[in-house]
Amino acid sequence: MADFTTSTHRANWIFTPQDLKEKYKDANKRAKQALEKYGATRMEVDIDGSFSYAEPQNDAKDNADKHSRPKALKIEEEQLLRAFYEFKIQDVCDAFKFPRKIQATALIYFKRFYLEWSVMEHHPKNIMLTCIYAACKAEENHVSAEELGKGIEQDHQMILNNEMLVLQSLGFDLIVYAPYRALEGFVSDLEESYDAKLGQSETIKSLHESAKAEVDKIMRTDAPLLYPPGQLALAALRRACEVHKLIDFERYLQNMFSRQHPAHATSELNLALNVIDMLINKLETPTSKDVKHIDRKLKSCLDPSSHDKSKKRKHRSKESSTEMQDML
Amino acid sequence: MGDGRGSNSGSNSNSKPEWLEQYDVIGKIGEGTYGLVFLAKIKSNRAKSIAIKKFKQSKDGDGVSPTAIREIMLLREISHENVVKLANVHINHADMSLYLAFDYAEHDLYEIIRHHRDKVNQPINQYTIKSILWQLLNGLNYLHSNWIVHRDLKPSNILVMGDGEEQGVVKIADFGLARIYQAPLKPLSENGVVVTIWYRAPELLLGAKHYTSAVDMWAVGCIFAELLTLKPLFQGQEVKGTPNPFQLDQLDKIFKVLGHPTQEKWPTLVNLPHWQSDVQHIQGHKYDNAGLYTVVHLSPKNPAYDLLSKMLEYDPRKRITAAQALDHEYFRMEPLPGRNALVSPQPGEKVVNYPTRPVDTSTDIEGTISLQPSQPVSSGNSMSGAMGGPHVMQNRSMPRPMPMVGMQRMQPPGIPAYNLASQAGMGGVNPGGIPMQRGVGPQAHQQQQMRRKDPGMGMTGYPPQQKSRRF
């Protein structure tokens, strides 16, 4: 439980970079095939609990010759869109003043969900909100769907409709280990070993703050699917130390190792930290402008008939998606 | 959870949900505010019985019940011989209800105690008491070392396996109120304290804001005494309808047996919110301190008494822990505790045959499933035009089956040999010396009764057996 070594987090949700690549590729491929076969990629939950692609209207199907057929998203486009909505998760959580733990849990749910599905199958905007909602429940900070929906001017029924899908896709593995707590541990450890000498608890505090900001960034990379929370925390701490130049991080690490793992060298760990570092450096924060065309493409994949119908039939949801655009 | 995502079963509203096909549902065995519990047999293995717990949808249309979510998420992480095993999770998409399938346990301490008191009219034998207590502590030690507090231990939540390979093995059940230590705090009033008060620790009755593992140990003490005497140790009258945890009558009952707590013995007592009101209240009372040993009929020199009194220590910080209790002299004396609590390895010991659980065969699980005729579940932003009729796609199942049973714990790739994370992650290193009681919400959520209208809701006696037919 509180033991990461025996957790579902470690057993089921830590991958190799190769694993991730395969999963993203598979999901993308599956959605592409559905698009070719059915002319749309949106998934529905049937009454018996099975999932199926929404059947497009006959006319849409008939007209779906090679020219008018929507184009599937590329793997990179899916990635960019996920990155966009992951940033949104932090945005929304900040707006609600949720604790960082909830934010991290929601982000990890979101990431795990899209290892199972393509964004073309389930719109990330909906999934993002449902992940936040589920994270609140799991972290005992219950916020009603209505309240959540209201706060961001979204239909709360949509959040509820997707809840079971999200829980199921996560395999009900809902306990998530975020790096913030590990970071807290390292920082108090640092404080104990350095504070006496430095006499600067204020500086340690600001070091902690910048490390937290680094964790915030890490949470938007693939790193949480690749490394355990303790290593994510150390990577964040190392970056913060580089800026603050207060503490010799290498020495601290050596120190800690000689205390706790005398048999091991730090080289292996340093390799992991370097990879995490690289992932942070590569982190993109796309703006709504950056993803606008992808989102348009996505809309036609999900629901090719929506273009001509949206004005009449989907007035309401159209409206709310405009609001969403504004919010974004 | 590899179910409910079938393929060609179609959306025939008259058929059972697909997952239900694997079971023969025998009948209802329990009921509570959370929902219903059914007994079922697995068709492919008739020897195996399963208890299916159906959660009601959460009220006010707010999706999956948070209690269900909490219970599942905890159970997914734990595995121990003395903790109930979650065999599967089923989803009924029609009404978005959740079904948890557990390995079935034929007995529980509530029934065992009742049987001895009302039917056989004799105490439970020493071997059985000791074995039950040891296994209960063993399971609890596992939970506590995994930073989980159960918070609602009572006889009806302690199950004992019936005939079969695991006969007489104790299983701690009902994790609907369980918490991880580091879960955030919420004020008590938010959810109302409505669980049974008979097993509630004094610090909680006096308004302590933190649940610690010590509250579970207090409950174990109460259960231990009840196994010895066949009577609940502290049967207070509950004041209902108030979020106030301050239950005067329950405190009275405790003080009458254990005497009034003093600041010398329990230094942090003065910090408890309701201590002041208690002081005013007790000025008019005189507690003679009847003495715990007279109530449980044990000599103060008896190791069983020593262990019991250490569980019922007022100061939660001094109260014995599960690990310490397992090490107690009581468990090293004859008769030694065993794995089969119901049958003593000593030849010639009389075996009590406990009755099987009453099953109400008039309540059908399907009647509670309420499949609506072909209503698409997805509404809201879905395109209703595209949803006409039952549309069935071939084998569009979930991308990854996630069976609950026998899930392998693979060594995750990419984790270096030294497991730094597990130590820095939580608990392990704990360089800051973060205290155990940190951040555990004192609130109990809605009432969680497993399978019967339980005692403790202000009743002084046991309720009559629920009307039901024998299976």
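Residues numbered from 1 in each chain as written. Chains lettered and ligands numbered in written order. Predicted model: local features only at pLDDT ≥ 70, side-chain atom pairs only at ≥ 80, totals over all residues. Heavy atoms only, no water.

**Some remarks on the overall build of chain A**
From N to C terminus, chain A includes 16 helices and two strands. Buried residues in chain A amount to 62% of all 328 residues. At a minimum sequence separation of 6, the contacts of chain A that also span at least 24 residues come to 78%. Entry remark: accessible area of chain A is about 13000 Å², with carbon and sulfur atoms responsible for 50%. (Helix = DSSP H or I, 4+ residues; strand = E, 2+ residues; numbered from the N terminus. Buried < 20%, exposed > 50% of the residue type's maximum accessible area, 1.4 Å probe, protein only. Contact = heavy atoms within 4.5 Å. Areas by Shrake-Rupley, 256 points an atom, 1.4 Å probe, with all protein chains shown as cover.)

**As for the overall build of chain B**
Looking only at helices and strands, chain B features 11 helices and 10 strands. Counting all 471 residues of chain B, 59% fall into the buried class. A total accessible area of about 18900 Å² is found for chain B, and carbon and sulfur atoms account for 51% of it.

**Overview of the UniProt feature "binding site: ATP" (unreviewed entry) in chain B**
All names here are of chain B. Using the residue numbers shown here, the UniProt feature "binding site: ATP" (unreviewed entry) corresponds to K54. Looking at the element boundaries, K54 is found in strand β3 (residues 45–55). On the accessibility criterion, K54 (9% relative accessible area) is buried. (UniProt positions renumbered as here; feature names shortened; annotations may be inferred.)

**So, unusual backbone geometry**
Negative phi is the rule for most residues except glycine; trans is the rule for most peptide bonds. Residue and element names in this part refer to chain B. Here the residue pair E334 and P335 is connected by a cis peptide bond, since its omega of -10 degrees sits within 30 degrees of zero. Of note, the phi angle at N121 is positive, near 55 degrees, even though the residue is not glycine. In this fold, N121 is placed in the loop between α2 (109–120) and α3 (126–145). Here L230, not a glycine, exhibits a phi torsion of approximately 65 degrees, which is positive. Relative to the helices and strands, L230 resides in the loop between α5 (213–229) and α6 (248–258).

**What to know about the pattern of salt bridges**
Between side chains of opposite charge, a pair can form as their charged atoms come close. The tally for this structure, following the rule as stated, stands at 31 salt bridges over all chains. The residue D315 of chain B makes a salt bridge to R317 of chain B at a minimum N-O spacing of 3.9 Å. Under the relative-accessibility criterion, D315 of chain B is labelled buried at 1%. A relative accessible area of 60% places R317 of chain B in the exposed class. What emerges from the salt-bridge pattern is a single network uniting E214, K217, R239 and D277 of chain A. (Salt bridge = Lys/Arg side-chain N within 4 Å of Asp/Glu carboxyl O.)

**Quick word on the pairing of strand β2 (residues 35–42) of chain B**
Burial runs high along β2 of chain B: eight of the eight residues are buried. The turn linking β2 of chain B back onto β3 of chain B is made up of two residues. (Pairing = 2+ DSSP bridges.)

**Side note on the environment of R42 of chain A**
For R42 of chain A, the position within the fold is in the loop between α2 (17–38) and β1 (43–45). Note on R42 of chain A: relative accessible area 12%, which makes it buried.

**Digging into helix α8 (residues 156–169) of chain A**
Residues and elements named next belong to chain A. For α8, which comprises 14 residues, the first-to-last C-alpha distance of 20 Å matches the rise-based estimate of 20 Å (1.5 Å per residue) to within 8%. If you look at α8, its biggest bend is around 35 degrees, right at N162. With respect to burial, α8 is a largely interior element, 12 of its 14 residues being buried. By the burial criterion, the buried members of α8 are M158, I159, L160, N161, N162, E163, M164, L165, V166, L167, Q168 and S169. The N-cap residue of α8 is D155: its side-chain oxygen and the backbone nitrogen of Q157 are 3.1 Å apart. (Expected span 1.5 Å × (residues − 1). Bend = angle between axes of the 7 residues up to and from the residue. Polar contact = N/O pair within 3.5 Å; in protein donor to acceptor, adjacent residues only side chain to side chain.)

**Regarding the environment of E313 of chain B**
Residues and elements named next belong to chain B. Looking at the secondary structure, you find E313 in the loop between α9 (303–311) and α10 (322–326). Look at E313 and you get partly exposed, because its relative accessible area is 24%. Spatially, the C-alpha atom of E313 lies 9.8 Å from that of A201, the residues being 112 residues apart in sequence. Look past the residues within four positions of E313 in its chain and what remains in contact with it is W218, K265, K318 and R319. A polar side-chain atom of E313 sits 3.4 Å from the main-chain amide nitrogen of D315.

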